Each structure stands twice: as C-alpha cells, then as structure tokens.
Amino acid sequence: EAKKHKNSVRLFAPSMQEGYLNRVTLEQNLRQALGKNELYMVYQPQMTHEGVMYGVEALVRWNSKELGIVPPDKFIPVAEASGLMPKLGDFIMKRTLEEMKSFQEEMGFSFQVSLNISIKQFMEANFLEHLTHEIETIKLTNIVLCLEITESLFIEDIEYLLPLLQKIRSMGLSISMDDFGTGYSSLSILRKLPIDELKIDKSFVDTLIEDITAEKMVQNIISIGKNLELAILAEGVETKEQEVKLKRLGCDRFQGYLYAKPLNYEDLKLFVKAQKTV
Ligand code: C2E
Ligand code: CA
Ligand code: CA
Ligand code: CA
C-alpha cells in the first residue's frame, strides 16, 4: 500500500507532490506528536504603556523529530481539517494552565494568560464545560485568563455566540478580538459584543511607519476601541519607532519582538526576574 502511494505521487509536478506529501505526512506525524512529547508551549510577554509585563500570550510549538520545527499556522489548519483539533486544543489548554500555575507558585508572581481559541474549538458544543472542568481540575485561583478569538468568528451565528461570550465573562475570564481589522465585523455587531480588548493585527503594525493608509487604519481601530471602552493591544511591535507612533495614536498595550520573543517556561522565568530588578 505504501509503495503504491509513493509511485502515484511521482505523477504529480514537484510542487504539487510536495503539497500532497506535506498534508498527509503532517497529519500522520501530528497524530503521534502528542504522545511523543513533541509539542510544547511558549509564552510571549504583553506590556503595559509603562513597559511592565502584565500578561502573556500562549503559543503552541511543534518540534518534530521527523519534520523539524513546524510552525503553528501550518499544523493548526491540518489539525482542524483532520479532526485532531479537540485533542490538540485540550493539550494546549491543559499544559498552559499547568505551567502558569507552577510559574505562579515558583515565582510568586501572577499575570494574565491569553489562550488562542480557534473558531472550530469555540463553536464546539461542550467547549465551555470543558474549559470549566480544566480550570477546576488544575485548581487555578489567581490566574486571570483571556481568550483570544479571531475576528472572523464574529460573523458566525450571533444568537449562539452572544450568550456564550456573556457566560465566559461572568466566569471572570476576558475576551480579546484577535487580528482585528482583517475581518468583516460590522460596527453594529462589535457594539453588541461583550469583549474586553481589540488586538491590532501585525500586518498594520508592520507598515505603520511607511504607509499612511495603515496609520489611518490603526487610528480608526483605536478610536473605535476607545469609544467602546476596550483595551487596545498592538501585536508584532518590532521597533521603537512603531511603539512611539502607536503610543501617540493611543494604543495602551504592546506585544512583539521589541520586548520579547515567545519564551519557553525557563526563559520566561528569566524575563520576569530581569523585570523585577529594573
Ligand atoms: P497570532 O495569534 O496572530 O499570533 C501572533 C504571531 O505573531 C505568533 O506567531 C508570534 O510568535 C508572532 N509574533 C509576535 N510578535 C512578533 C514580532 O514582533 N515579529 C514577528 N515577525 N512575529 C511576531 P506563531 O507563534 O507562529 O503563531 C502563528 C499563528 O498560529 C497565531 O497567530 C495563531 O493564529 C496560531 N496559533 C499559535 N498558537 C496557537 C494555539 O495555541 N492555539 C491556536 N488555536 N492557534 C494558535
Ligand atoms: Ca493570538
Ligand atoms: Ca494576532
Ligand atoms: Ca496575526
């Protein structure tokens, strides 16, 4: 069977062959990755206006023995398409909460943790029960959790979403709208949504300095957010120049390589220690 597979693959053009192999290989490897301990979490600091870390965004990593490092925007879509996402999502949730709990115990320092929740994950019937169960099992106490949900979620069934979002907030969690500005959410929907934060997509920050259209866009996003009394977080901040401009436009939270790359548990400890001594 495997041989037959290989032979038929040769019929394709090189680029197609690669694409075909990638998807199948990715899926097969990903299926085993969880058991092989190849997945782990990294945490990217999020900074206040004053330059103090107030939170982190949890990001998943896959270091595959077979394939090398596979970026999340490559394997998450595969996980979703192949039905592996619930299992992967569980791992992400569990590992993050566990690590944050021990971080807190070890460092005596607590902060907000933002988890990326894919749309599919969020729309699953038992998403909330699941999350609640995890939080209770791990006995989280002081940890403030934020769920990052991409803007494209909000074109889904609003009648279903609204009570769910309200429930999440009543549990003391907060909600951030990720990649804001890249989707289609209308202002009237935005006004109805119980959210706490808008996250300005990196693509706008990237071109902020040279592109006046990007600047106008960021300006609009910030004024919309301020009108709705939301916090505004900019992602992908790499230069001081970008930071200065974002601050001038009224942005109040910052995340990007200028402050720190996503850090593993040990490196996050070092980062926090260095912050404390400033
Ligand atoms: P995202 O949620 O928009 O995450 C931000 C991405 O920008 C991350 O890439 C982060 O490492 C990167 N980044 C942050 N600051 C900078 C910067 O200053 N410069 C540059 N060049 N990049 C920066 P990453 O970790 O590769 O994640 C890519 C995407 O994969 C994420 O985009 C998110 O959509 C998805 N993802 C990652 N981890 C998870 C997860 O645990 N669950 C889910 N559902 N999706 C995840
Ligand atoms: Ca995110
Ligand atoms: Ca984002
Ligand atoms: Ca993004």
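Worth saying up front: this structure is predicted, and the values here are computed from it rather than measured.

(A) View of the overall build of the protein. Each helix and strand counted, the protein has twelve helices and nine strands in total. The C-alpha atoms of the protein give 20 Å as radius of gyration, which agrees with the globular expectation for 278 residues (19 Å, within 12%). Projected onto the principal axes, the alpha-carbon positions of the protein cover approximately 60 × 45 × 45 Å. Looking at the protein as a whole, 44% of its 278 residues qualify as buried. The long-range fraction of contacts in the protein, counting pairs at least 24 apart against all pairs at least 6 apart in sequence, stands at 66%.

(B) Seen up close, the coordination of the calcium ion (ligand 4). Protein coordination at the calcium ion (ligand 4) comes from Asp-179 (OD), Asp-201 (OD) and Glu-235 (OE), with a distance range of 2.6 to 2.7 Å. In primary sequence terms, the donor set of the calcium ion (ligand 4) follows D-x21-D-x33-E. Between the calcium ion (ligand 4) and the calcium ion (ligand 3), both coordinated by Asp-179, there is a metal-metal distance of 3.2 Å. Taken together, the positions of Asp-201 in the loop between strand 7 (197-200) and helix 9 (202-207) and Glu-235 in the loop between strand 8 (231-234) and helix 11 (240-249) put the pair 34 residues apart, joining distant regions of the chain. By relative accessible area, Glu-235 is classed as buried at 14%.

(C) Quick look at the site of ligand 1. Taken together, 21 residues surround ligand 1, and among them Gln-44, Arg-61, Lys-202, Glu-238 and Tyr-257 come closest. In this structure, Arg-61 approaches ligand 1 through a side-chain N or O atom, which is 2.8 Å from an oxygen atom. Measuring from an oxygen atom of ligand 1, one finds a side-chain N or O atom of Asp-178 at 3.1 Å. The fraction of the free accessible surface of ligand 1 (800 Å²) that becomes covered by protein chains is 83%. Contributing elements (two or more residues each) for the shell around ligand 1: strand 2 (53-64), helix 3 (72-81) and strand 6 (174-180). In terms of residue count, strand 2 provides more of the shell around ligand 1 than any other element does, four residues in total. Residue classes in the shell around ligand 1 are distributed as eight nonpolar, five polar and eight charged.

(D) Local environment of the pairing of strand 6. Counting buried residues in strand 6 gives six out of seven residues, a clear majority hidden from the surface. Sheet analysis places strand 5 (residues 144-150) next to strand 6, joined by five bridges and oriented parallel. Within strand 6, the residue paired with Thr-150 across the bridge is Asp-178. Crossover handedness for the path strand 5 to helix 7 (residues 158-170) to strand 6: right-handed. Here three bridges tie strand 6 to strand 7, and the two strands are oriented parallel to one another. Note on strand 7: the bridge partner recorded for Phe-180 is Ile-200.

(E) Fine view of the coordination of the calcium ion (ligand 2). Coordination of the calcium ion (ligand 2) by the protein involves Glu-57 (OE), Asn-116 (OD1), Glu-148 (OE) and Asp-178 (OD), with metal-donor separations of 2.1 to 2.3 Å. Mapped onto the sequence, the residues coordinating the calcium ion (ligand 2) show the spacing E-x58-N-x31-E-x29-D. Between the calcium ion (ligand 2) and the calcium ion (ligand 3) the interatomic distance amounts to 3.7 Å, and Asp-178 serves as a bridging ligand to the pair. Taken together, the residues span a long stretch of sequence, with Glu-57 in strand 2 and Glu-148 in strand 5 at a distance of 91 residues. Both residues of the pair, Glu-57 and Glu-148, count as buried.

(F) A look at the packing of aromatic side chains. Counting across every chain of the model gives six aromatic pairs. Ring plane angle 50 degrees and centroid distance 6.5 Å describe the contact between Phe-254 and Tyr-259, whose orientation is recorded as tilted. In this structure, Phe-254 and Tyr-259 share a single accessibility class: buried. By the ring-pair criterion, three or more aromatic residues cluster together here, those being Phe-103, Phe-109, Phe-111 and Tyr-265. Just above the ring of Phe-254 sits the side chain of Lys-247; from NZ or CZ to the centre is 5.7 Å. The ring of Tyr-257 is capped by Lys-261, whose NZ or CZ atom sits 4.7 Å from the centre of that ring.

(G) Looking closely at helix 12 (residues 265-276). Compared with an ideal rise of 1.5 Å per residue, which puts twelve residues at 16 Å, helix 12 spans 17 Å between its outermost C-alpha atoms and is within 8% of the ideal. The set of residues buried in helix 12 consists of Tyr-265, Leu-268, Lys-269, Phe-271 and Val-272. For helix 12, the angular spread of the buried residues around the axis is 165 degrees, confining them to a single face. In this structure, the buried residues of helix 12 make contact with strand 1 (39-48), strand 2 and helix 4 (85-107).

(H) Spatial organisation of the pairing of strand 4 (residues 112-117). Taken across its six residues, strand 4 has five buried, putting it largely inside the fold. Sheet topology note: the strand 2/strand 4 ladder contains four bridges and is parallel. If you follow Glu-57 over to strand 4, its bridge partner there is Ser-114. In this structure, strand 4 lies alongside strand 5, joined through six bridges in parallel fashion.

Conventions adopted
- Counting from 1, residues in each chain are numbered in the order their sequence is written.
- Working convention: letters from A go to chains and numbers from 1 go to ligands, in the order in which they are written.
- Thresholds applied to this predicted model are a pLDDT of at least 70 for local features of residues and 80 or more for the giving and counting of side-chain atom pairs; totals over whole chains, interfaces and linings are not thresholded and use all residues.
- The side-chain quantities take in all heavy atoms of the structure and omit both hydrogens and water.
- Strands here mean DSSP runs of E at least two residues long; helices mean DSSP runs of H or I at least four residues long; both are numbered from the N terminus.
- The globule rule used for comparison is 2.2 Å times the number of residues to the exponent 0.38, while the radius of gyration itself is calculated over C-alpha atoms.
- Here the term buried applies to any residue with accessible area under 20% of the maximum for its type, exposed to any over 50%, and partly exposed to those in between, with areas from a 1.4 Å probe on protein chains only.
- Working rule for contacts: check all heavy atoms of both residues, and any pair within 4.5 Å makes them a contact.
- In this description, a donor is an N, O or S atom within 2.8 Å of the metal centre, a cutoff extended to 3.2 Å for sodium, potassium and calcium. Water is not part of the atom list, which can make sites seem incomplete.
- In this text, near means that some heavy atom of the residue lies within 4 Å of the molecule or strand in question.
- In the analysis that follows, any N or O atom pair within 3.5 Å is treated as a polar contact, provided that within protein one partner can donate a hydrogen and the other can accept it, and provided that, for residues neighboring in sequence, both atoms belong to side chains.
- Exposure was quantified through the Shrake-Rupley algorithm and a 1.4 Å probe, taking into account, for residues, occlusion by the shown protein chains and nothing else.
- When residues are grouped by polarity, Ala, Val, Leu, Ile, Met, Phe, Trp, Tyr, Cys and Pro land in nonpolar, Asp, Glu, Lys and Arg in charged, and all others, Gly among them, in polar.
- Note on pairing: DSSP must find at least two bridges between two strands before they are called paired.
- Assignment of crossover handedness uses the view with strands pointing away from the viewer, where a clockwise path from the first strand over the helix to the second indicates a right-handed crossover.
- Pairing of aromatic side chains here covers Phe, Tyr and the six-membered ring of Trp, requires ring centres within 6.5 Å, and sorts the geometry by plane angle: under 30 degrees stacked, over 60 edge-to-face, intermediate tilted.
- Charge-over-ring contacts are defined here by two conditions on Lys NZ or Arg CZ: a distance within 6 Å of the ring centre and an angle within 35 degrees of the ring normal.
- For a helix, the expected span equals 1.5 Å multiplied by the number of residues minus one.
- Think of the arc as the fan of directions from the helix axis to the C-beta atoms.

That is the geometry; function is a separate question.
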